[in-house]
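Notes for the structure review
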Amino acid sequence: MSVTHAEPTPARPGPGPISEQLLRALDITVARRMEGLLAGDYRSRLLGDGSELAQVRPYTPGDDVRQIDWNVTARTGEPHVRVQHAERVLVTWLVLDTSPSMQFGTADRRKADVAEGAAIAVGHVATRRGNRLGVVTFGDAQPRSIPVRQGRRGLLGLLTALRDDGEASEQRVGATSLGEAIRRADALARQRSFVVVVSDFRGPDDWRRPLLQLAGRHDVVAVEIRDPREQELPNSGELWLVDPETGRQLRVDTRSAKLRRRFAEAAATDRARVAKTLGSLGVRHVVLTTSGDWLRDLSTFLRRAK
């Protein structure tokens, strides 16, 4: 059972609900710190519609007459056509976990806040220089699939809507299926893409095979979000442990050193299993926590991954 301590989530520093204006301000902060971490543009090896000339060659039946180069045709007396490089476009898909377990947080912020920040960081990098970003969300009552588009406006609007939905409803939707979300992203990503999965990787272990298939076609990065209290129990007497997605509860006495040790060992084993599985699938993996500077950790990871 994926458990969350029945302790109140502390207020985050600063204002409570983040407005679209504050999201845009955060985007500016991320932009300054993330600038130049990834190449941001990419040359297609294919020839096709584009703006950069690849070659001029003699006309052959079936060529688009709109591509005839009349200057060369006039000089040579033979019809010639212009052939361009296909547009240099990098397509990124963001698979974002919005399940109830992401609302948990006992440190500086909630897991959902770190995931939201990571999404903005990815959105900034992924939409530079005309590149495109698509988004798939999963885990809440309204999973979303947004087709690839240029610019970060759609991402910021989505995050605002997700935050509003999360604060307006506490509806449980059952165990989260990361595997289903990965299959949905795989079906939508028709050309080779950069796929970033942002999740706490808790819930049903149904994602290994879909992720293997996804990683076989695309470059995949897993951003795992953790909270320190998920890895160890405090010595706080009797506590109720609650699975936020199913509502299942368990009462434990945390004064037992043996219980705390067994909990920490089980939690460490579970996270090591996730890391080992991701590594075996060829998926790059970074862990961000609700304590400390998650953006610095993400920036360091992206810099190494260039």
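Residues numbered from 1 in each chain as written. Predicted model: local features only at pLDDT ≥ 70, side-chain atom pairs only at ≥ 80, totals over all residues. Heavy atoms only, no water.

A few words on the overall build of the chain. If you tally the helices and strands in the chain, you get eight helices and 12 strands. Of all 306 residues assigned to the chain, the portion counted as buried reaches 45%. Look at the contacts in the chain between residues 6 or more apart in sequence, and 76% of them connect residues 24 or more apart. (Helix = DSSP H or I, 4+ residues; strand = E, 2+ residues; numbered from the N terminus. Buried < 20%, exposed > 50% of the residue type's maximum accessible area, 1.4 Å probe, protein only. Contact = heavy atoms within 4.5 Å.)

Between the first and last C-alpha of helix H7 (residues 257-280) there are 34 Å, a value that for 24 residues agrees with the 34 Å anticipated at 1.5 Å per step. Those residues of H7 that fall on the buried side of the exposure criterion are Phe263, Ala267, Arg271, Val274, Thr277 and Leu278. Backbone geometry just downstream of H7 places glycine 282 in the positive-phi region, at approximately 75 degrees. (Expected span 1.5 Å × (residues − 1).)

Packed helices, taken two at a time, are described by their axes: the angle between them and the distance between them. One way to put it is that helix H5 (residues 178-188) packs onto helix H6 (residues 208-217) with a least axis distance of 9 Å and a crossing angle of 25 degrees. Considered as vectors, H5 and H6 are oriented roughly parallel to each other. By crossing handedness, the relation of H5 to H6 is classed as left-handed. Residue-level contacts link Gly179, Ile182, Arg183 and Asp186 of H5 to Pro210, Leu211, Gln213, Leu214 and Arg217 of H6. Looking at the contact of H5 with H6, its residues break down into four nonpolar, two polar and three charged. (Axes fitted to C-alpha atoms, helices over the stretch in contact; angles between N-to-C directions. Parallel < 35°, antiparallel > 145°, perpendicular 65-115°, else oblique. Left-handed = near helix turned anticlockwise from the far one by under 90°. Nonpolar A, V, L, I, M, F, W, Y, C, P; charged D, E, K, R; others polar.)

The next thing to look at is the packing of aromatic side chains. Going through the model one piece at a time under the given rule, you end up with one aromatic pair. Ring geometry for phenylalanine 201 versus tryptophan 207: centroids 5.5 Å apart, planes at 70 degrees, classification edge-to-face. The exposure class of phenylalanine 201 is buried, given its relative accessible area of 5%. (Phe/Tyr/Trp six-rings, centres within 6.5 Å; stacked < 30°, edge-to-face > 60°.)

At phenylalanine 201, a position not held by glycine, the phi torsion is positive, near 55 degrees. For phenylalanine 201, the position within the fold is in the loop between strand S8 (194-199) and H6.

Here we take up the pairing of strand S5 (residues 91-97). Of all seven residues in S5, seven are buried; the element is thus mostly enclosed. On S5, burial covers both faces: Val91, Trp93, Val95 and Asp97 on one face and Thr92, Leu94 and Leu96 on the other are all buried. Two elements, S5 and strand S6 (residues 132-138), share seven bridges in a ladder whose sense is parallel. Note that in S6 the partner of leucine 94 across the bridge is valine 135. By the bridge criterion, five bridges tie S5 to S8 in an arrangement that is parallel. (Pairing = 2+ DSSP bridges.)

Another point: the sheet that holds strand S7 (residues 145-150). Strand order in the open sheet formed by six strands is S7-S6-S5-S8-S9-S12, with mixed pairing between adjacent strands. Only two strands of the sheet have a single partner each, and these edge strands are S7 and strand S12 (284-289). Adjacent strand axes in the sheet meet at a mean angle of 15 degrees, parallel and antiparallel pairs treated alike. Across the face of the sheet, H5 comes into contact with S5, S6, S7 and S8 while running at roughly 155 degrees to S6. Contacts from helix H8 (residues 294-304) reach strand S9 (219-226) and S12, with the element oriented near 165 degrees to S12.

Time to look at the packing of helix H3 (residues 111-126) against H8. The N-to-C vectors of H3 and H8 enclose an angle of 40 degrees; their axes lie 10 Å apart at closest approach. In terms of axis orientation, H3 runs oblique to H8. Regarding H3 and H8, the two cross each other, and that crossing is right-handed. Every residue of H8 that contacts H3 at Val114, Gly117, Ala118 and Ala121 is listed here: Trp294, Leu295 and Leu298. Classifying every residue of the contact of H3 with H8 gives six nonpolar, one polar and no charged.

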